[in-house]
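Observations on the three-dimensional arrangement
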Amino acid sequence: MTDLLEPRAIGQGLVRRDGELKVRGTATYAVETPVENPAYCHPVQATVARGRVTAMDTAAATALDGVLAVLTPFDAERLASTEDAEYAVLQSDEVAFRGQLIGVVIAETSEVARQAADSVRVTYDEQEHDAELAVDHPGLYKPEKVNAGHETDTAEGDVAAAMATPQRDGGVTLERTYSTAMYHNNPLEPHATTALWDADAQFLTLWDSTQGVHPDRAAVCEVFGLEQEQVRVVCPYVGGGFGSKGTPHANVMLAVMAARALPGRPVKLALTRQQMFFLAGYRTPTIQQMQLAADRRGRLQAIAIDVVEQTSRIKEFAEQTGVPARMMYASPNRRSTHRLAALDVPVPSWMRAPGECPGMFGPEVAMDELAEELGLDPVELRVRNEPEVDPETGKPWSSRNLVRCLREGAERFGWAERPRGRREGDWLVGYGVASSVYPTMRQATSTANLRYADGRYVAEIGAADLGTGAWTILPQITADALGVDVGDVDVRIGDTQYPTASVAGGSSGTNTWGSALVVAARAFRDKFGGSPDDGDEISGDVDQAAKDDAHAPYAFGAQFVEARVNADTGEIRVPRLLGVFGVGRVINPRTARSQLIGGMTMGLSMALHENSVWDPRIGQVANHDLAEYHITVNADVGEIEAVWLDEHDPYVNAMGSKGIGEIGITGTAAAVVNAVHAATGVRVRDLPVTLDKVLPGLP
Ligand code: MOS
């Protein structure tokens, strides 16, 4: 148990401290950093999916007025470490995927850089590539671990035996395959860097768009063989990341390389929207083979998920899609597996709720299908499979309010009066439901510094605010931990000059940095009392915060969707989307609501629109821009509402908060599919739900 803070500032819907700067356009983002006499970079990308670069003719490029340098694999500096193949830019003539970085032009203007990059003539020894994922791909292998350090496979009991049991007593079994598409993170602010290498001081300054200045610096130091003291990373504002800026990508290394080629001259490199579809990570497509067995009262006897997905040939990323099915519902027999195909494709990476987001699609649609087979209310089916303890670890839950979320959501949404395929004019109407889940994580390292100066409390920590609200909520936490007015607290974040902070990822930022701030604040009070002197200062580490290992900490939720499907055209509309969440104590209802509906919006987008259309013949996303990669907009939903329970969890941290950045996207797409099924009787198992999949089955 932790000593929970008395909430005073916590719980207030304070406006964003960075809001006015952003609205006025005066918050500076990485590429806009005002620097003297900047030069501009434009990458050269491979136009084959596999092979070797045999020659690069840069004569036309260097002849252009304003071109300062052209770097290629044949002349670029040798890196200190090429262990991470994604970061080993221009180190070899090998091409591992189409769009890979094979050069960079640095010029006086971005226009000249781009023109010069286009005029570089590249010849290849092209080889046959393999860029097509299939459930029976001959190269499928078992990764050692999956993302976030989870076991690749788990098994308990005997799923096969439970599935083979004849359906005695009216029980049912279900075997279905579901798939999610390839998705690309598209934050408004593209991946961008301003870099300056001071050769005399041997010092690198990076203004980079990142979800973590310290992890970003660590990666750059590793690749270039620099000491931490030789690099400063600055990032006060981020125009969205969703995981794609949680680890640096190759563009950052290319920008640093360009800066080192032009010592003393700041260089800027911003990826174009199209380049982001090759270089900024993406969510792997997933194929999910599900098995469920239940007795006639709907109690699960078996739950199994076998996942097939892809990674790149040069670097493994194993999305932990099978993980949430391990702990969601009670069942004596359980199995989960992950198999990957390593293809000639760009490197996949984090995208909002890696694992839980795709992994709450197949299972939550399968539960809906099971409910239908059993003639049970899908809310009731979930309630009947509530596990008393975490099925995976046997630990009690720190708090688990899934049932309350389901019941409260059903009540608010009018679930009891739900229409099933009711026709209103040209429209077929149905409601759907699905559960949400996300683990409550805390990172191992983060330090906060707290100082009293000029009558104000100043907290420093290298945390990141990628639009999530950290600028605003960290003062709220600090104020309550100190017992002072939130207006008396300043927080400084987004710079490696401040103490080390963990990545803003895995919905762990508030949990981690907030815990460090509370340790610092309590130590400050212990040491300096209620009336400190100017200059009094102390620091606190997250590893000094109470940590509970005896419970399984998760946030839960339930999402409800109303779908209306046009009986003639199959057009799908979503007039209502409701999420009810149990996410611990909410620190700021204004920024929390924004996170939750943001996640739900991305989930709706995944359900109906998003789809990186992969062309395996050339190894490229065909719709690699926002004209053709469709993303949900305001007009795609009527009412979208996120509410939360008044949840008390004394085990997670001193704030009692669980992390809210990712849970909103989990389960949403399943709820949409389930609603479309309720409206039409058509079951779509492969995302996105587009009208061509619905139309043939309409009554
Ligand atoms: Mo989130 S994908 O962990 O930034």
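Quick caveat: nothing in here was measured; it's all calculated off a predicted structure. (Residues numbered from 1 in each chain as written. Predicted model: local features only at pLDDT ≥ 70, side-chain atom pairs only at ≥ 80, totals over all residues. Heavy atoms only, no water.)

1. Brief notes about the confidence of the model for the protein chain
Formally: Note on scores: pLDDT gives the predictor's confidence for each residue, bounded by 0 and 100. Secondary structure is summarised from DSSP: a helix means a run of H or I of at least four residues, a strand means a run of E of at least two, and numbering begins at the N terminus for each.
In the predicted model, the protein chain carries a mean pLDDT of 97, and the fraction of residues at 70 or more is 100%. No element of the protein chain has a lower mean pLDDT than strand β18 (residues 420–424), at 92, and none a higher one than strand β13 (residues 231–234), at 99.

2. Quick notes on the domain arrangement of the protein chain
Note the following rule: Reported domain spans reflect what an automatic or database domain assignment gives. Should any heavy atoms of two residues lie within 4.5 Å, those residues are considered in contact. Each of two parts loses accessible area, computed with a 1.4 Å probe, when they are put together; buried area is these two losses added. We count a salt bridge whenever a side-chain nitrogen from Lys or Arg sits within 4 Å of a carboxyl oxygen from Asp or Glu. The term polar contact refers here to a pair of N or O atoms within 3.5 Å; inside protein, the definition further demands a hydrogen-donor-capable atom paired with an acceptor-capable atom, and it admits residues adjacent in sequence only when both atoms are side-chain atoms. Residues are grouped as follows: Ala, Val, Leu, Ile, Met, Phe, Trp, Tyr, Cys and Pro are nonpolar; Asp, Glu, Lys and Arg are charged; all remaining types, including Gly, are polar.
The assigned domain composition of the protein chain is domain 1 (19–28 + 443–544), domain 2 (33–128 + 185–279) and domain 3 (145–183 + 283–441 + 550–697). Centre-to-centre, using C-alpha coordinates, domain 2 lies 37 Å away from domain 3. In this assembly, 23 residues from domain 2 lie in contact with 24 residues from domain 3. Buried surface at the junction of domain 2 and domain 3, summed over both partners, amounts to about 2200 Å²; 60% is from carbon and sulfur atoms. For the pair domain 2 and domain 3, the number of links is three salt bridges. D84 is the salt-bridge partner of K315, the closest N and O atoms lying 2.9 Å from each other. Inspection of the domain 2/domain 3 interface yields seven residue pairs in polar contact (both at pLDDT 80 or more). Counting only elements with at least two residues in the side of domain 2 that touches domain 3, the list comes to β4 (94–95) and α7 (273–279). Take the side of domain 2 that touches domain 3: its biggest share by element is four residues, from α7. Looking at the side of domain 2 that touches domain 3 residue by residue, the class counts come to nine nonpolar, eight polar and six charged.

3. A word on the packing of helix α13 (residues 470–482) against helix α14 (residues 509–528)
Quick reminder of the rule: Axis definition: a line fitted to C-alpha atoms, limited for helices to the stretch in contact. Angles are taken between N-to-C directions and run from 0 to 180 degrees. Whether a crossing is left-handed or right-handed is set by the direction in which the near helix is turned from the far one by less than a right angle, anticlockwise for left-handed and clockwise for right-handed.
Look at α13 against α14: their axes get within 8 Å of each other, and the N-to-C directions meet at 35°. As α13 packs across α14, the resulting crossing turns out to be right-handed. Note on element contacts: α14 touches α13 through T510, W513, G514, L517, V518, A521, F524 and R525, opposite A470, I473, L474, I477, T478, A481 and L482.

4. Some details on helix α16 (residues 668–680)
Applicable threshold: To estimate how far a helix should reach, multiply one less than its number of residues by 1.5 Å. Summary of the burial criterion: residues with accessible area below 20% of their type's maximum are buried, those above 50% are exposed, and those between are partly exposed, where the area comes from a 1.4 Å probe applied to protein chains only.
Across its 13 residues, α16 extends 18 Å between first and last C-alpha, which sits within 8% of the 18 Å expected from 1.5 Å per residue. In terms of residue burial, α16 counts as a mostly covered element, since 13 of its 13 residues are buried. One or two positions beyond α16, positive phi appears at G681, with a value near 80°.

5. What about the sheet that holds strand β28 (residues 637–644)?
Going by this rule: Strands pair, by our definition, only if DSSP identifies at least two bridges between them.
The five strands lie next to each other as β18-β19-β24-β25-β28, forming an open sheet whose pairing is mixed. On the outer flanks of this sheet lie β18 and β28, each paired with one strand and no other. The sheet shows a mean angle of 20° between the axes of neighbouring strands, direction not considered. Against the sheet, helix α12 (residues 402–413) contacts β19 (427–439), β24 (554–566), β25 (572–582) and β28, and its axis sits at roughly 30° relative to β24. Together, β24, β25 and β28 form the strand contacts of helix α15 (residues 589–608), whose direction differs from that of β28 by roughly 130°.

6. Describing the pairing of β18
The sheet contact formed by β18 and β19 spans four bridges and is antiparallel. Bridging across to β19, E424 finds its partner in W427. Counting the residues that bridge the hairpin from β18 to β19 gives two residues, and of these G425 lies at a positive phi of roughly 65°.

7. Looking at empty space enclosed by the protein
Test applied: Within this scheme a cavity is a closed region of a 1 Å grid, computed over the protein atoms alone, that accommodates a 1.4 Å probe without allowing it to escape, whereas a pocket is open but has protein on both sides within 12 Å along at least five of seven lines; lining residues each have an atom within 4 Å of a point. Grid points are joined across faces, edges and corners, and a volume is the space filled by probe spheres set on the points.
Considering all chains together, one arrives at three cavities of 30 Å³ or more under this definition. Reported here for the largest cavity is a volume of approximately 50 Å³. Along its surface, the largest cavity is lined by H191, D208, S209, T210, D216, S244, K245, T247, P248, H249 and V252. Volume-wise, the second largest cavity comes out at about 40 Å³. Contributing to the lining of the second largest cavity are Y183, R283, M351, M602, M606, E610 and I665. In the lining of the second largest cavity, the residues fall into five nonpolar, no polar and two charged.

8. With respect to unusual backbone geometry
In this model, L687 is joined to P688 through a cis peptide bond whose omega is -5°. Tracing the backbone shows P688 in the loop between α16 and α17 (691–694). One non-glycine residue with positive phi stands out, namely F242, at about 60°. Residue placement: F242 occurs in the loop between β13 and α6 (250–261). For F242, a relative accessible area of 28% puts it in the partly exposed group. One non-glycine residue, A353, lies in positive phi territory at about 60°.

9. Concerning the pattern of salt bridges
For the structure on display, the rule yields 44 salt bridges. In this structure, E380 engages R407 in a salt bridge whose closest nitrogen and oxygen atoms are separated by 3.9 Å. With E380 in helix α11 (residues 378–384) and R407 in helix α12, the pair connects residues that are 27 residues apart, well separated along the chain. For R407, a relative accessible area of 44% corresponds to the partly exposed category. The salt bridge involving E562 is made with R564; its shortest N-O contact spans 3.1 Å. When salt bridges with common partners are traced through the structure, they connect R422, E424, E562, R564 and R576 into a single cluster.

10. Focus on the packing of aromatic side chains
The condition is simple: Each Phe, Tyr or Trp ring (for Trp, its six-membered ring) is paired with any other whose centre lies within 6.5 Å, and the angle between the two planes then decides the class: stacked below 30 degrees, edge-to-face above 60, tilted in between. Both a distance and an angle decide whether a charge sits over a ring: NZ of Lys or CZ of Arg must be within 6 Å of the ring centre and within 35 degrees of the ring normal.
One pass over the full model with this rule turns up 13 aromatic pairs. Ring centres of W415 and F560 lie 5.6 Å apart, and the angle between their planes is 75°; on these two criteria the pair is classed as edge-to-face. Here W415 is found in the loop between α12 and β18, whereas its partner F560 is found in strand β24, with 145 residues between them in sequence. Of the two residues, W415 and F560, both sit in the buried class. Through a chain of ring-to-ring contacts, three or more aromatic side chains come together here, namely F413, W415, Y431 and F560. If you follow R260 out to its NZ or CZ, it ends over the ring of W197, 4.7 Å from the centre. The ring of Y87 is capped by K315, whose NZ or CZ atom sits 4.6 Å from the centre of that ring.

11. Regarding the sheet that holds strand β16 (residues 300–312)
The strand order across the open sheet built from five strands is β9-β17-β16-β15-β10, with neighbouring strands paired in mixed fashion. Single-partner strands in this sheet number two, and they are β9 (154–156) and β10 (172–180). For this sheet, the mean inter-axis angle between neighbouring strands, taken without regard to orientation, is 15°. In this structure, strand β15 (residues 286–294) lies alongside β16, joined through nine bridges in antiparallel fashion. When the sheet's bridge partners are listed, A294 is paired in β16 with L300. With respect to the sheet, helix α10 (residues 362–374) is in contact with β10, β15 and β16, its orientation differing from that of β10 by roughly 145°.

12. Some points on the layout of surface pockets
Looking at the second largest pocket, its volume works out to about 650 Å³. Along the walls of the second largest pocket sit 27 residues, with H150, T393, P439, P553 and Y554 positioned nearest its centre. Sorting the residues of the lining of the second largest pocket by element identifies β8 (150–151) and α8 (324–327) as the ones contributing at least two each. Here the residues of the lining of the second largest pocket sort into 10 nonpolar, eight polar and nine charged.

13. Focus on the nonpolar core
Test applied: Nonpolar core, defined: a set of buried Ala, Val, Leu, Ile, Met, Phe, Trp, Tyr and Cys residues in which side-chain atoms within 4.5 Å join the residues together.
Ranked by size, the top nonpolar core spans 104 residues in total, and within it L292, F560 and V689 carry the most contacts. Sort the elements by how many residues they give to this core and α15 lands first, with nine residues. The next biggest cluster of nonpolar side chains, apart from the first, holds 87 residues, and it includes V220, F224, Y237 and L262.

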